[in-house]
Amino acid sequence: MERLQKLRASMAERGLDGILVCQPENRRYLSGFSGSSGWLLISGKEAFLATDFRYVEQAKAESPGFGVIQTKRELRDWFPGLVSDMGVHKLGFEADFVSYDGHQKLDDALKTAQVVLELEPTTGLVETLRSIKEVEELELISKAVELGDAVFQKARDIIRPGITEKEAAWEIEKLLRQGGSEGVAFEIIVASGPNGALPHARPTEKKIVSGEPVVIDMGARIGGYCSDLTRTLFLGQADRNMRKTYDIVLEAQMAAIEGVTSSMEATQADQLARGVIERAGHGDQFGHGLGHGVGLAVHELPTVGPASTGTLAEGMVFTVEPGIYLPGLGGVRIEDIVVLHDGKARVLTGAAKDLPS
Ligand code: ZN
Ligand code: ZN
């Protein structure tokens with residue numbers, strides 16, 4: 001279990017002799033367990049998966065490296081006994097996922113059982129490991145990306161003037177599911193005309209009109225791994241102003257893809273695209289970061305934006321998705337997924353991004 005070894009190394013660096021993991025993607029990443037409820041308790045030597053009776057059989061099948069424990073109704077009936085048997089003294093927990101109430105319950109259970117143990121908040125321990133993809137993970141992401149590409153190709157034929165955003169989103173969802181996607185990676189965005197000025201618009205009853213930009217953002221999920229793809233379409237002849245905007249966004253996106261390197265600060269990568277958009281006079285209309293990591297979660301590390309603090313690294317998979325949003329008129333966003341390989345970005349996405357001239 002290479003992932004557990006890496007986790008144990010970062011636990012040791014922080015002086016932790018145990019960690020409690022309940023964030024769903026972190027749980028799945030470490031154990032393979034895909035159920036929706038359960039705790040991992042990992043020490044230097046042991047690894048347990050505690051889940052309720054609904055999931056015990058599934059947990060045993062999916063997580064052979066873990067001792068599976070059936071939880072009881074109250075935390076105090078199983079948790080303090082287990083951590084004390086494991087000999088843990090300083091237990092890390094996921095501070096950005098365990099709620100205030102959840103923390104109090106852990107604390108109360110330990111006190112009631114008179115188990116002396118330090119609960120230590122941690123952030124990003126497993127998420128950091130997840131940001132560097134293994135070969136098998138990259139294969140699953142690539143499959144999800146390929147499905148997204150194929151669906152987009154078909155969607156281009158379905159989306160015609162007069163169809164509503166909601167209808168278009170539903171057609172895309174059907175195509176994704178027919179193609180083998182496990183549900184959708186996230187709520188599909190189809191935002192036409194002025195609606196496209198909202199980066200996270202929800203599909204409405206608005207009918208799509210010829211010539212206006214249509215922002216389509218969607219993703220598949222294969223083997224738990226997500227893809228994320230945005231294209232901006234024009235049905236018929238593109239509006240001239242928006243066509244110009246499209247060219248700027250595409251230039252910005254290509255500048256980032258071509259310029260990014262494996263050891264760059266994430267802020268520098270963001271600036272590669274942002275610089276192009278700023279020089280074109282649209283800096284204020286690119287109000288989000290360049291991209292985000294994609295894996296078991298559709299948004300994960302690395303964060304690639306103007307306020308990022310991290311450095312990029314070989315094996316990271318993330319989106320490159322600059323956009324320009326013009327209130328009242330519309331938006332343009334173009335999003336690909338790249339992997340950092342041999343020092344540079346390799347684009348996984350294959351969907352066309354040229355506009356009919
Ligand atoms: Zn997206
Ligand atoms: Zn995205």
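Residues numbered from 1 in each chain as written. Chains lettered and ligands numbered in written order. Predicted model: local features only at pLDDT ≥ 70, side-chain atom pairs only at ≥ 80, totals over all residues. Heavy atoms only, no water.

Visitor: If you had to explain the overall build of the protein to someone new, which residues and values would you point to?
Guide: Looking only at helices and strands, one finds ten helices and 18 strands in the protein. Here the protein has a C-alpha radius of gyration of 23 Å; the compact-globule value for 357 residues is 21 Å, and the two agree. Projecting the C-alpha coordinates of the protein onto the three principal axes gives extents of approximately 70 × 40 × 35 Å. Within the protein, the fraction of its 357 residues that count as buried is 54%. Considering only residue pairs separated by 6 or more positions, the protein has 66% of its internal contacts joining residues 24 or more positions apart. Summed over all atoms, the accessible surface of the protein reaches about 16,100 Å², with 51% contributed by carbon and sulfur. Averaged over its 38 positive side-chain charges, the protein has a centre that lies 3 Å from the centre of its 51 negative ones. (Helix = DSSP H or I, 4+ residues; strand = E, 2+ residues; numbered from the N terminus. Rg over C-alpha atoms; globule rule 2.2 N^0.38 Å. Buried < 20%, exposed > 50% of the residue type's maximum accessible area, 1.4 Å probe, protein only. Contact = heavy atoms within 4.5 Å. Areas by Shrake-Rupley, 256 points an atom, 1.4 Å probe, with all protein chains shown as cover. Lys, Arg positive; Asp, Glu negative; His and termini not counted. Charge placed at Lys NZ, Arg CZ, Asp CG, Glu CD.)

Visitor: An account of the domain arrangement of the protein is requested, with residue identities and associated values reported.
Guide: According to the domain assignment, the protein consists of domain 1 (2-130) and domain 2 (135-347). Contacts between domain 1 and domain 2 engage seven residues on the former and eight residues on the latter. Taking both partners together, domain 1 and domain 2 bury about 640 Å²; carbon and sulfur atoms supply 51% of that area. Considering only the side of domain 1, the residues that lose the most area to domain 2 are Glu25, Arg28 and Arg130, jointly responsible for 62% of the buried surface there. In this structure, Glu300 and Arg130 form a salt bridge, with 2.8 Å as the shortest nitrogen-oxygen distance. Secondary structure elements with two or more residues in the side of domain 1 that touches domain 2: helix 2 (24-31) and helix 6 (125-131). (Domains from an automatic or database assignment. Buried area = accessible area lost by both parts, 1.4 Å probe. Salt bridge = Lys/Arg side-chain N within 4 Å of Asp/Glu carboxyl O.)

Visitor: I'd love a proper account of the packing of aromatic side chains, names of residues and values included.
Guide: One pass over the full model with this rule turns up four aromatic pairs. Measuring from ring centre to ring centre gives 5.9 Å for Trp78 and Phe79, while their planes differ by 75°; the resulting arrangement is edge-to-face. In this pair, the class of Trp78 matches that of Phe79, namely buried. The lysine or arginine in question, Arg3, covers the ring of Tyr29, its NZ or CZ lying 4.2 Å from the ring centre. One cation-aromatic arrangement involves Arg274 over Phe286; the distance from NZ or CZ to the ring centre is 4.0 Å. (Phe/Tyr/Trp six-rings, centres within 6.5 Å; stacked < 30°, edge-to-face > 60°. Lys NZ or Arg CZ within 6 Å of the ring centre and 35° of its normal.)

Visitor: Describe in detail the pattern of salt bridges, supporting the description with residues and values.
Guide: Where charged atoms of side chains with opposite charge meet at close range, the side chains can pair. Tallied over the full model, the rule gives 18 salt bridges. A salt bridge links Asp101 to Lys105; the nearest nitrogen and oxygen atoms lie 2.9 Å apart. With Asp101 and Lys105 both in helix 5 (residues 100-112) and four residues apart, the pair spans about one turn of that helix. For Asp101, a relative accessible area of 41% puts it in the partly exposed group. Three or more residues are tied together by salt bridges with common partners; here these are Arg130, Lys133 and Glu300.

Visitor: Describe in detail the coordination of the zinc ion (ligand 2), supporting the description with residues and values.
Guide: Protein coordination of the zinc ion (ligand 2) is provided by Asp228 (OD), His292 (NE2), Glu321 (OE) and Glu335 (OE), with donor distances spanning 2.1 to 2.2 Å. Of note, the donors binding the zinc ion (ligand 2) are all from one chain and are spaced D-x63-H-x28-E-x13-E. The metal-metal distance between the zinc ion (ligand 2) and the zinc ion (ligand 1) is 3.1 Å, with Asp228 serving as a donor to both. With a gap of 43 residues between them, His292 in strand 12 (residues 291-293) and Glu335 in the loop between strand 16 (330-333) and strand 17 (336-341) connect regions that are remote in the sequence. When its relative accessible area of 10% is taken as the criterion, His292 is described as buried. (Donors = N, O, S within 2.8 Å, 3.2 Å for Na, K, Ca; no water.)

Visitor: Describe the sheet that holds strand 8 (residues 213-218), with residues and values.
Guide: Through backbone hydrogen bonds, the strands of a sheet pair up, either in parallel or in antiparallel fashion. Taken together, three strands build an open sheet; the order of strands is 7-8-11 and the sheet is antiparallel. Each end of this open sheet is capped by a strand with a single partner; those strands are strand 7 (189-192) and strand 11 (229-234). Here the strands of the sheet are splayed against their neighbours by 15° on average, with no regard to which way each runs. Relative to strand 8, strand 7 is paired through four bridges, and the arrangement is antiparallel. Note on strand 8: the bridge partner recorded for Ala191 is Val215. (Pairing = 2+ DSSP bridges. Axes fitted to C-alpha atoms, helices over the stretch in contact; angles between N-to-C directions.)

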